[in-house]
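What follows is the residue order along each chain.
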Amino acid sequence: MTKQELRNQIKQIMSSNAASFQMFSSQICNLITEFSEYKKAKNILAYMPLNDEVDLKPVIKAALEEGKTVYLPKVDPLSPQMEFYKINAVHETSKGAFGIDEPEAGIPFNLHSNTETLVLVPGRSFTSKGARLGRGKAYYDTYFSFLSHKLTMAGVCFGCQLVQELPVEKHDITMNWIITEKGIIDCNS
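Thresholds applied
Residues numbered from 1 in each chain as written. Predicted model: local features only at pLDDT ≥ 70, side-chain atom pairs only at ≥ 80, totals over all residues. Heavy atoms only, no water. Core = buried A, V, L, I, M, F, W, Y, C linked by side-chain atoms within 4.5 Å. Buried < 20%, exposed > 50% of the residue type's maximum accessible area, 1.4 Å probe, protein only. Helix = DSSP H or I, 4+ residues; strand = E, 2+ residues; numbered from the N terminus. Contact = heavy atoms within 4.5 Å. Salt bridge = Lys/Arg side-chain N within 4 Å of Asp/Glu carboxyl O. Pairing = 2+ DSSP bridges. Axes fitted to C-alpha atoms, helices over the stretch in contact; angles between N-to-C directions. Expected span 1.5 Å × (residues − 1). Arc of directions from axis to C-beta. Parallel < 35°, antiparallel > 145°, perpendicular 65-115°, else oblique. Left-handed = near helix turned anticlockwise from the far one by under 90°. Nonpolar A, V, L, I, M, F, W, Y, C, P; charged D, E, K, R; others polar. Phe/Tyr/Trp six-rings, centres within 6.5 Å; stacked < 30°, edge-to-face > 60°. Lys NZ or Arg CZ within 6 Å of the ring centre and 35° of its normal.

(A) Representation of the nonpolar core in the model. One finds Ile32, Tyr38, Ile44, Leu56, Phe84, Leu120 and Phe144 to be the most contacted residues of the largest nonpolar core, which totals 53 residues. Top element by residues in this core is helix H2 (residues 21-34). It accounts for five residues. In contact with Ile32, other than residues within four places in its own chain, are Tyr38, Leu56, Val59, Leu120, Val156 and Ile179.

(B) Layout of the pattern of salt bridges. Going through the model one piece at a time under the given rule, you end up with 10 salt bridges. Among the ionic pairs, Glu34 bridges to Lys39, the shortest N-O distance being 3.6 Å. Residue Asp101 is joined to Lys95 by a salt bridge in which the shortest nitrogen-to-oxygen separation is 3.2 Å. Classification of Asp101 as partly exposed rests on a relative accessible area of 24%. For Lys95, a relative accessible area of 61% gives the class exposed. Among the ionic contacts, a cluster of salt bridges with common partners joins Asp52, Glu53, Arg124 and Arg135.

(C) Looking closely at the sheet that holds strand E10 (residues 177-180). An order of E3-E2-E1-E6-E9-E10-E11 is seen for the seven strands of this open sheet, with the pairing classed as mixed. The two strands at the open ends of the sheet, each matched to only one other strand, are strand E3 (82-87) and strand E11 (183-186). Between one strand axis and the next, the sheet turns by 25° as a mean value, whatever way the strands run. The sheet contact formed by strand E6 (residues 117-121) and strand E9 (residues 152-156) spans four bridges and is parallel.

(D) Representation of H2. With 14 residues, H2 extends 20 Å from end C-alpha to end C-alpha; this agrees with the ideal 20 Å at 1.5 Å per step. Burial in H2 covers these residues: Phe21, Phe24, Ser25, Ile28, Cys29, Ile32 and Thr33. Buried residues of H2, seen end-on, are gathered within an arc of 165° and therefore sit on one face of the element. Contacts from the buried residues of H2 go to helix H1 (3-15), helix H3 (36-40), helix H4 (57-65), E6, E9 and E10.

(E) Structural view of the packing of H2 against H4. Axis separation between H2 and H4 bottoms out at 8 Å; the angle between their running directions is 30°. The angle between H2 and H4 places the two elements in the roughly parallel class. In the packing of H2 onto H4, the handedness of the crossing is right-handed. In this structure, H2 uses Cys29, Ile32 and Thr33 to contact H4, whose residues at the interface are Pro58, Val59 and Ala62. A per-class count over the contact of H2 with H4 returns five nonpolar, one polar and no charged.

(F) Structural context of the packing of aromatic side chains. Taken as a whole, this structure holds 10 aromatic pairs when the rule is applied. With a centroid separation of 5.2 Å and 70° between ring planes, the pair formed by Tyr71 and Phe109 is classed as edge-to-face. Of this pair, Tyr71 sits in strand E2 (residues 69-75) while Phe109 sits in the loop between strand E5 (101-103) and E6, placing them 38 residues apart in sequence. Comparing Tyr71 with Phe109, the two get one shared label, buried. Among the aromatic residues, ring-to-ring pairing joins Phe84, Tyr140, Tyr143 and Phe144 into one connected group. In this arrangement the basic side chain of Lys68 is found over the ring face of Tyr38, its NZ or CZ atom lying 4.8 Å from the centre.

This is how it looks when you write it as structure tokens:
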């Protein structure tokens, strides 16, 4: 099955589970804020959700209240370029590319920082081994290809988005953890 066929299949599965997404999002956010990797992280790289993604706004608010530095992505719709910018509040975003709330350009995340960082990554689908299928624009794969060291990457999705196997290419980023409403999966075990 091609990546696009898989995306279409996941989209159909998700549409039949959509009524539970708000409740599942709340459960996932609770798991994240109790997660050891979240607790030790000084930086949180998160995202503002589309209507079929886990809503991380409670995690973003909690992280800011706890004094963590939070960054959100801003994309260039004409290229696979993305940058994470620091925010001080959730309302510091406005509609950007693809109708996604984005921060204004400001202080970018330093990809070469050694500060403890947890990256919360959206995706169309994940495997328990950390493979990720994105939406096809390669923003995350391109951005994280420039890392000079390893960050803690956690794929965030609903349980219905987990699959046994995904086609993986050498440039695809892999997750250390997968977080769903059913729990946290260690991809390295």
